[in-house]
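Structural characterization, general
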Amino acid sequence: MGTIPSETIEQIAAANDIVEVISSYFPLKRAGANFKALCPFHQEKTPSFHVSPQRQTFHCFGCGVGGSVFRFVMDYEHVDFPSAVRKLAARVGIPVIEERGPIGTDDQQVEARRILLQLHGEAAAWFHENLIKREFAEPARKYLNKRGITGEIAKRWQLGYAPEEWDAFGSWARGRGYNTRDLISSGLVKTKDDADGMPGHTSYDRFRGRIMFPICNDIGEVIAFSGRLLKDEDGAAKYLNSPATPLFRKGKILFGLDKTKRALIEATCAIVCEGQLDLISLFEAGITNVVAPQGTAFTEDQARILKRFVSEVVLCFDADAAGQKAAERSLDALLQNDLIVRVAEIPAGEDPDSLVRREGKEKFERRVSTAPDFFDYWIEREVAITDLNSLGAKMRLARKMAETISRIHDPLLRGEVVSKSSARLGISNTDFETLLPKQRREQVSASEPPHSQVSPSPRHDVAMLCLLALRDETAREFLRGQNWREILEQLPDAEILIRILASDLRLPDAASLNAFMATLSPTDEGLVSSWLLQKVPPNAGTMVGKWWLGIRQTVLRRQLEVAKNRIKLSQLSTGDVVNLQKQILDLQEQLHELFEPARAADN
């Protein structure tokens, strides 16, 4: 935990309401005294992620992760504990004084990530300054202005420009103190091995002569870039994205989510377009519940992220063949996450960017609100390009439709689409259903952890005492009044109970609880968060005595078994045998004394 004072940690925990903190990342729904959501740490269709405002903790009963507000920020943003403390402290304006010790392996990874984030942030500022101030970026400014992107809009989205030079960015970054290893790890610079002949250089800039769109994670940190050519060139991609890096995986990021997630929550519907300019134009026109999957079809990860915010998506892909193909390829991922899918038709030769600038906000919103269901749109489009008078063409279309319909998991929706498709083709439902491939078995996603991966709980009696020591002041004081350390140190799986009793935890102070949980391992923190959501037995004062009595009996039996096994050893001296006999008698007497009050209590 470093050198951050525990008093400061408690102060920060007390000032950061966990419901407000988590709600700034994705929506929570009230469920009685607590809140629920789809877990952000594994894939699921039924919410098992619980947040307790009373205890200021979270816990997922699906994957076992849980803990304090600090643990949430650490796991969600992939940062270490001091970074999570600093972030939450900055959120509420509390100063943090910290002295760090020697850097270990984990710290090195955190430090490497910090350097990459810093590099991307400074790179975005440098690209933006080029666009706004440099003479060589005049063609880029003219192009953006022609596309309706003013200087103010470019500033809001921190758009930039990469000069048409081999080493302009690399030279600037090295001058700022970044080494070549960090530059290559960021994906902003490539090695000479990848070059097409470039004498005198060992590395060169990946982005050259392109308008730069910073790609942010959902908390607004720049983690990658997408660069667009000003004009098409033979053999050159119009858009070039950062490669996969420790910060960026293209299929796991939705462009614009950091700016649009609040509007998505309020609308419960996402307008999905292909490119960055499409999204920016819609957003600046006042249509803010919009995201873009980086110019590709939706991946399972992207659909899962979107499901946290909305229940419905409207695809606004280009009308060309590529756009229609992307819409179809997106279907599987969206349907698997139980999202309602509609399609807003974009006229040929148009895209959302040009359409909203030509039609205006109200007409575009009308186009979205009247967008047909995906399958209605898809059936009409397929029928329109097929000669139904040709038996061969009709059968090919029927088989193609059946293959697509087989991907629908909801039986009611599947039956409805079968009826519409068969009616449009002019064949019976029964005949059409014979074409449906056998339904695929539901497969557990690789990201859905099996039950065996949930944090293992200690033995039942220890777990019950942990629960009581965390939730009931009388029970806690009773346990602390016993010779608990001497007894528990002889019992396997009791380390977590020792930690609870040894702490300065104040019940029921949520800030004190958060500070205590911050000292635990992720596994133990998950266990504690699960106990905090369980009900306390109504007779906790009586129960704690019974469970503690059972623990003492278990320890004495273990000691007695060890002594009886030792006395059987052949190499013992006479003195050793006598001592062991006395020990066995003493242990048997202690056990007898413990059983007497237990019998009396039962009667």
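Residues numbered from 1 in each chain as written. Predicted model: local features only at pLDDT ≥ 70, side-chain atom pairs only at ≥ 80, totals over all residues. Heavy atoms only, no water.

For the rest of this paragraph, the subject is the confidence of the model for the protein chain. Residues at a pLDDT of 70 or more form 90% of the protein chain, whose mean pLDDT is 86. For the protein chain, helix H27 (residues 574-602) is the element with the lowest average pLDDT, namely 76, and strand S6 (residues 160-162) is the one with the highest, namely 97. (pLDDT = per-residue confidence, 0-100. Helix = DSSP H or I, 4+ residues; strand = E, 2+ residues; numbered from the N terminus.)

Further remarks concern the sheet that holds strand S2 (residues 34-37). Overall, antiparallel pairing links the five strands, which are arranged S1-S2-S3-S4-S5 in an open sheet. The open sheet has two edge strands, strand S1 (29-31) and strand S5 (66-67), and neither has a second partner. For strand S3 (residues 49-52) and strand S4 (residues 57-60), the ladder comprises four bridges, and the chain directions are antiparallel. Residue Phe49 lies in a different strand from S4, and its bridge partner there is Cys60. (Pairing = 2+ DSSP bridges.)

With parallel pairing, four strands are arranged side by side in an open sheet as S13-S12-S14-S15. The open sheet has two edge strands, strand S13 (290-291) and strand S15 (340-343), and neither has a second partner. Inspection of the sheet shows strand S14 (residues 312-315) paired to S15 by four bridges, in the parallel sense. Its bridge partner being in S15, Val314 is matched across the sheet by Arg342.

With that settled, consider the pairing of S3. Residues Phe49 and Val51 line one face of S3 and the alternating positions His50 and Ser52 line the opposite face, and both faces are buried. Between S3 and S4, which follow one another and run antiparallel, lie four residues, and Gln56 among them has a positive phi close to 60°. (Buried < 20%, exposed > 50% of the residue type's maximum accessible area, 1.4 Å probe, protein only.)

Glancing now at the nonpolar core. Counting 78 residues, the largest nonpolar core has Phe26, Phe49, Phe70 and Leu306 as the members making the most contacts within it. Once residues within four sequence positions are removed from consideration, Phe70 is found in contact with Ile9, Ile12, Ala13, Phe81, Ala84, Val85, Leu88, Asn514 and Ala518. Counting 42 residues, the second-largest nonpolar core is a separate cluster that includes Tyr161, Phe255, Leu279 and Val368. (Core = buried A, V, L, I, M, F, W, Y, C linked by side-chain atoms within 4.5 Å. Contact = heavy atoms within 4.5 Å.)

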